[in-house]
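Here's the letter readout for the chains.
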Amino acid sequence: VYMTATVGSKLDSAAPESSAITFILANNRLITNRYVDPTPVRRFMTHVERSPAACTSSATLLAGLLEAFTERIADLLERVQMELDAVSLTIFPRTNGAAASNRDLHAMIQKIGVNGDLISKARESLVSFQRLLMYVQQATNVSLSQDQRGRFKSTLRDVQSLSDHASFLGNKAQFLLDAVLGLINLEQNNIIKIFSVAAVMFLPPTLVASIYGMNFHFMPELDKHWGYPMALLAMVVSAVIPYIYFRRKGWL
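Student: Would you take a moment to explain the pattern of salt bridges for this structure?
Tutor: Two side chains that carry opposite charge are able to pair once their charged atoms sit near each other. Summed over the entire model, instances satisfying the criterion amount to eight salt bridges. Salt-bridge contacts for E17 lead to K10; the nearest nitrogen and oxygen are separated by 3.5 Å. Its relative accessible area of 32% is what places E17 among the partly exposed residues. The exposure class of K10 is exposed, given its relative accessible area of 53%. Here R79 makes a salt bridge to D12, at a shortest N to O gap of 2.5 Å. One end of the pair, R79, is in helix 2 (residues 58-91); the other, D12, is in the loop between strand 1 (2-9) and strand 2 (17-26), with 67 residues separating them in the sequence.

Student: What is the right way to read the sheet that holds strand 3 (residues 29-33) from this model?
Tutor: Adjacent strands of a sheet form backbone hydrogen bonds with each other and so pair up, either parallel or antiparallel. The sheet built from three strands is open, its strands ordered 1-2-3 with antiparallel pairing. The open sheet has two free edges, formed respectively by strand 1 and strand 3, since each of these has just one partner strand. The mean angle between the axes of side-by-side strands here comes to 30°, regardless of whether they run parallel or antiparallel. Here strand 1 pairs with strand 2 via eight bridges, running antiparallel. Bridging from a neighbouring strand, T6 pairs with A20 of strand 2. Seen against the sheet, helix 3 (residues 105-138) touches strand 1 and strand 2 and runs at an angle of roughly 160° to strand 1.

Student: Would you mind showing me how to read the side chain of N115 here?
Tutor: Relative to the helices and strands, N115 is located in helix 3. In this structure N115 touches V80, E83 and L84, once residues within four positions along its chain are discounted.

Student: Explain the pairing of strand 2 to me, please; I cannot follow it from the model alone.
Tutor: The side chains of a regular strand alternate between both faces of the sheet. Pairing of strand 2 with strand 3 involves five bridges; the strand directions are antiparallel. Paired with A26 across the strands is R29, a residue of strand 3. Counting the residues in the hairpin turn of strand 2 and strand 3 gives two residues, including N27, whose phi is positive at 55°.

Student: What am I meant to see in a negative patch on the surface here?
Tutor: Negative charge collects at one region of the surface, where E71, D75, E78 and D158 lie side by side. When residues of the negative patch are assigned to their parent elements, the largest contribution, three residues, is made by helix 2. Here D75 shows up in helix 2. Accessibility expressed as a relative area gives 40% for D75, which makes it partly exposed.

Student: For this particular structure, what's the right way to read the packing of aromatic side chains?
Tutor: Each aromatic ring pair is specified by the distance between its two centres and by the angle formed by the two planes. With the rule as written, the count across this model stands at two aromatic pairs. With a centroid separation of 5.5 Å and 35° between ring planes, the pair formed by F69 and F129 is classed as tilted. Placement of the pair is F69 in helix 2 and F129 in helix 3, with a sequence separation of 60 residues. Of the two residues examined, F69 and F129, each falls in the buried class. Geometrically, the ring pair formed by F92 and F175 is stacked, given 6.0 Å between the ring centres and 20° between the ring planes. One end of the pair, F92, is in the loop between helix 2 and helix 3; the other, F175, is in helix 4 (residues 146-211), with 83 residues separating them in the sequence. We classify F92 as partly exposed; its relative accessible area is 36%. Of the residues examined, F175 reaches a relative accessible area of 49% and is grouped as partly exposed.

What counts, and at which threshold
- Residues numbered from 1 in each chain as written.
- Predicted model: local features only at pLDDT ≥ 70, side-chain atom pairs only at ≥ 80, totals over all residues.
- Heavy atoms only, no water.
- Salt bridge = Lys/Arg side-chain N within 4 Å of Asp/Glu carboxyl O.
- Buried < 20%, exposed > 50% of the residue type's maximum accessible area, 1.4 Å probe, protein only.
- Helix = DSSP H or I, 4+ residues; strand = E, 2+ residues; numbered from the N terminus.
- Pairing = 2+ DSSP bridges.
- Axes fitted to C-alpha atoms, helices over the stretch in contact; angles between N-to-C directions.
- Contact = heavy atoms within 4.5 Å.
- Patch = residues over 30% accessible without salt bridge, like charges linked within 9 Å, V, L, I, M, F, W, Y side chains within 5 Å.
- Areas by Shrake-Rupley, 256 points an atom, 1.4 Å probe, with all protein chains shown as cover.
- Lys, Arg positive; Asp, Glu negative; His and termini not counted.
- Charge placed at Lys NZ, Arg CZ, Asp CG, Glu CD.
- Phe/Tyr/Trp six-rings, centres within 6.5 Å; stacked < 30°, edge-to-face > 60°.

It is worth stressing that arrangement in space is one thing and function is another; only the former is reported here.
Structure follows, in structure tokens:
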């Protein structure tokens, strides 16, 4: 009996991978064909060395390996949930005194992307394990005891519940990503608003300076001693009035 599942490897590193492992049941032996050395296999081998009862048959070995992979995925999803909760707390602070300027939106997008990739790999593994567990229980050429069949059913229920949890985390990661992108849009809009208000504020002084920069002979203010201070005062007043108006409107 040949059964292939997709498993995640190097999940604690900066470059996690997905690889295929083939489980072969033949003559009461379990053979694994793999090109990676995932953590659940190493942990289960250490457990078997301490507990010989875990390797009484090939089906028992397969059940133990699948349980080890399922526990590993459960730990991974728990870690992802903690990191997403931390990101959520940063985006939506519970206290009013939290400074929004301390949020690094670029770092949050990167963290959400990393966790989203882990969720994707976990869901891919869970789907393949679900198919494998259903197949091994229905295979006619695999003899299973009542205890072994119960272990496979229990693992299948765990895989299904973890699949639901992974779907929930995937939706949460998408929600947080949309929230971060919304915050970026708000910051960009605020910057554009400031530039727009500044342009409107400097428009009246520019108009005054343009008028008195004309080269007409009959401009009485040009011949007066108070002409230059008056022009400067007019430019300052024409800039201050829009500023006060914008502050009262709450646009600044």
